[in-house]
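# Chains, contacts and geometry: an overview
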Amino acid sequence: LLVRATRARTILEVGTSNSLTAAYVVGGRQIVVVDEAGGIFASQDGGERFLPLTVPQRFPFTGIVQAADGALILSGTRGLMRVEPQPESTRDHP
């Protein structure tokens with residue numbers, strides 16, 4: 001993931017070798033990215049560290065938005081999926 005800062009570019013390690021297909025900034029501080037293999041990763045620290053989020057079913061994701069109640073809505077080849085916000089302690093850790 002390449003993030004454009006004010007004067008430089010920074011490469012962030014997300015933790016997947018699959019192509020990233022969408023990204024979304026939640027609440028101005030959390031970065032969420034999805035990949036072509038159904039992975040979803042979130043960073044609470046501006047991209048220093050990404051952790052995988054749990055999803056009920058993995059399929060190629062193509063987009064991500066946030067619902068009014070804070071849930072994430074993922075779009076992909078099999079339709080839409082709603083992912084509830086997850087506290088840090090309930091996330092999958094590699």
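Per chain, residues are indexed from 1 in the order of the written sequence. The predicted nature of this model means local features are confined to residues of pLDDT at least 70 and side-chain atom pairs, given and counted, to a pLDDT of 80 or more, with totals for whole chains, interfaces and linings taken over all residues. Think of the side-chain values as coming from all heavy atoms in the structure, minus any hydrogens and water.

In this fold, Glu36 is placed in the loop between β4 (30-35) and β5 (40-43). Each residue gets one of three labels from its accessible area relative to the maximum for its type: buried under 20%, exposed over 50%, partly exposed in between, using a 1.4 Å probe on protein chains only. Classification of Glu36 as partly exposed rests on a relative accessible area of 40%. Residue contacts are counted whenever heavy atoms from the two residues lie within 4.5 Å of one another. The contacts of Glu36, once residues within four sequence positions are left out, are Asn18, Ser19, Thr21 and Pro60. For helices the rule is a DSSP run of H or I covering at least 4 residues; for strands it is a run of E covering at least 2, with both sets numbered from the N terminus onward.

Time to look at the sheet that holds β5. Pairing between sheet strands relies on hydrogen bonds along the backbone, with the strands arranged either parallel or antiparallel. DSSP calls a pair of strands paired once it identifies at least 2 bridges connecting them. An order of β3-β4-β5-β6 is seen for the 4 strands of this open sheet, with the pairing classed as antiparallel. Of all the strands in the sheet, the pair left with one neighbour each is β3 (20-26) and β6 (51-52). Across 4 bridges, the pairing between β4 and β5 is antiparallel. Paired with Val32 across the two strands is Ala42, which belongs to β5.

On to the side chain of Asp35, then. By secondary structure assignment, the location of Asp35 is in strand β4. Charged residues are defined narrowly, with Lys and Arg counted positive, Asp and Glu counted negative, and His plus the chain ends left uncounted. Salt bridge, as applied in this entry: a Lys or Arg side-chain nitrogen positioned within 4 Å of an Asp or Glu carboxyl oxygen. Despite its burial, Asp35 remains without a salt bridge, the nearest opposite charge being carried by Arg58 at 4.7 Å. Engagement of the side chain of Asp35 in a polar contact is seen with the side chain of Thr16, the distance being 3.0 Å. Any N or O atom pair separated by 3.5 Å or less is treated as a polar contact, with the protein-specific requirement of one donor-capable and one acceptor-capable atom, and with residues adjacent in sequence counted only for side-chain atom pairs.

Pairing is antiparallel across the open sheet formed by 3 strands, whose spatial order is β7-β8-β9. The sheet terminates laterally at β7 (61-66) and β9 (79-83), the two strands that pair on one side only. Neighbouring strand axes in the sheet, compared pairwise and without regard to direction, differ in orientation by 25° on average. In the sheet, β7 pairs with strand β8 (residues 72-76) via 5 bridges, with the strands oriented antiparallel. Pairing of Gln66 across the sheet is with Leu72, part of β8. Orientation is described by axes fitted as lines to C-alpha atoms, over the contacting stretch for helices, and by angles from 0 to 180 degrees between their N-to-C directions.

Ranked by size, the top nonpolar core spans 15 residues in total, and within it Val32, Val34, Ile40, Ile64, Leu72, Leu74 and Met81 carry the most contacts. Within the residue set of this core, elements represented by two or more residues are β3, β4, β5, β7, β8 and β9. Leave out the neighbours within four places in its chain, and Leu72 touches Val26, Val32, Ile40, Leu53, Ile64, Val65, Gln66, Met81, Arg82 and Val83. For this analysis, a nonpolar core means a set of buried residues of the types Ala, Val, Leu, Ile, Met, Phe, Trp, Tyr and Cys, connected via side-chain atoms within 4.5 Å.

On to the pairing of β9. Here 5 bridges tie β8 to β9, and the two strands are oriented antiparallel to one another. Of the residues in β9, the one forming a bridge with Leu74 is Met81.

For Phe, Tyr and Trp, where Trp contributes only its six-membered ring, two rings pair if their centres lie within 6.5 Å, and the inter-plane angle classes them as stacked under 30 degrees, edge-to-face over 60, or tilted in between. Scanning the entire structure with this criterion turns up 1 aromatic pair. Relative to Phe61, the ring of Phe59 lies with its centre 4.9 Å away and its plane at 55°, an arrangement referred to as tilted. We classify Phe59 as buried; its relative accessible area is 4%.

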